[in-house]
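Structural overview
So you can see what is in the structure, the chains are spelled out below.
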Amino acid sequence: MIYITGLLMAIADSVPGISGGTIALILNEFDNLIEALNNVLSGKKNKEKSIKYLLKLVIGWFVGFILSVFFITNIIQNHIYQISSLFIALIIFSIYLIIKQEEGLIQKWHNIYLTIFAMIIVVIIAKVSLKLVDVTIINNNFIMGGYYFISGILAAGVMLLPGMSGSTILLIMGIYFNIMMYLKEIFTFNFSHLGIIIIFGVGVIIGFLIATKLLAKLLVNHKIKLLYIIIGLMIGSLYAIIIGPVTGGLRNSYLNLNNFSIIAFICGLIIMYSLNKIKGE
């Protein structure tokens, strides 16, 4: 079951809207995951047991991630609007689940300012990234490397949080499609973009380590505020999805009512509804 959990977490982490943390929560493995990570990083008891647990999880995650990369990149070029429509459904339903599952959100509605602030930040970042990720604008490898490095830190920083995917951050930053296609190239032994992926990977590792240390404290001491921020990021990421088809070298028109796929959108809702049913809620 641990291998399957890792595989499903990888699939979730690969698409904007669903987080690996959400999958772990649905399959009742989230607490075990956080405990194992804390045991390994802090040198607590049961370290050997935790390492074995994480190794099984990583093996399943890696297999699922490779499958996801090939699947997503194979349909991005020709079905970008269907993919974008699916992503919108995943994010909208994820927002609904967060609000539904956390009763304290409604009572503490005064924190809505955090949601609004996060939304504004995301839209600004998405607008800026639309320019920055254009290779005709970024000719400085150092600047581009720094941008991917920071994106890796931010993406990994939210990867474990139930409710938001690291891929959503990459989408907001405007490099989601680039990363997926670069990874596919590497998996097919084309190493032309290996350097940028290494830089991005280092950022992911650093972000993951930071997130693991801070996650438990944030969820315990500032859970409601954190969730309001996450909701704002997710709502703002809808804008990033709309402009997504014109980033990453795809050069298509924005997602609009004419190219929006209602079928893909409904499929996304069904996926999220099914996952929620598995949890038994």
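Note that the structure is predicted; figures quoted are calculated from it, not measured.

Concerning the overall build of the protein chain
Counting its regular elements, the protein chain contains 13 helices and 0 strands. When the elements of the protein chain are put in sequence order from the N terminus, they spell out α-α-α-α-α-α-α-α-α-α-α-α-α. For the protein chain, with 281 residues in total, the buried portion stands at 49%. Pairs at least 24 apart in sequence give 78% of the contacts found in the protein chain among residues at least 6 apart. About 14,000 Å² of surface is accessible on the protein chain, with carbon and sulfur atoms providing 71% of the total.

Quick word on the environment of Val204
Along the polypeptide, Val204 turns up in helix α11 (residues 194–221). For Val204, a relative accessible area of 22% corresponds to the partly exposed category. Spatially, the C-alpha atoms of Val204 and Tyr148 are 9.7 Å apart, while their sequence positions differ by 56 residues. Among all residues touching Val204, those that are not within four sequence positions of it are Gly152, Ile153 and Ala156.

Observations concerning the packing of helix α9 (residues 166–173) against helix α12 (residues 223–243)
Contact geometry of α9 with α12 gives a least axis separation of 9 Å together with a crossing angle of 50 degrees. One finds that α9 runs oblique with respect to α12. Crossing of α9 against α12: the hand is left-handed. Residues Thr168, Leu171 and Ile172 of α9 form the contact with α12, whose participating residues are Leu233, Ser237, Ala240 and Ile241. In terms of residue class, the contact of α9 with α12 is made up of 5 nonpolar, 2 polar and no charged.

Comments concerning the confidence of the model for the protein chain
Low pLDDT marks regions whose predicted coordinates should not be analysed in detail. Predicted confidence across the protein chain gives a mean pLDDT of 78, with 82% of residues reaching 70 or more. When pLDDT is averaged over each helix and strand of the protein chain, the minimum, 71, is found for helix α2 (residues 20–26) and the maximum, 86, for helix α10 (residues 176–187).

Rules behind the numbers
Residues numbered from 1 in each chain as written. Predicted model: local features only at pLDDT ≥ 70, side-chain atom pairs only at ≥ 80, totals over all residues. Heavy atoms only, no water. Helix = DSSP H or I, 4+ residues; strand = E, 2+ residues; numbered from the N terminus. Buried < 20%, exposed > 50% of the residue type's maximum accessible area, 1.4 Å probe, protein only. Contact = heavy atoms within 4.5 Å. Areas by Shrake-Rupley, 256 points an atom, 1.4 Å probe, with all protein chains shown as cover. Axes fitted to C-alpha atoms, helices over the stretch in contact; angles between N-to-C directions. Parallel < 35°, antiparallel > 145°, perpendicular 65-115°, else oblique. Left-handed = near helix turned anticlockwise from the far one by under 90°. Nonpolar A, V, L, I, M, F, W, Y, C, P; charged D, E, K, R; others polar. pLDDT = per-residue confidence, 0-100.

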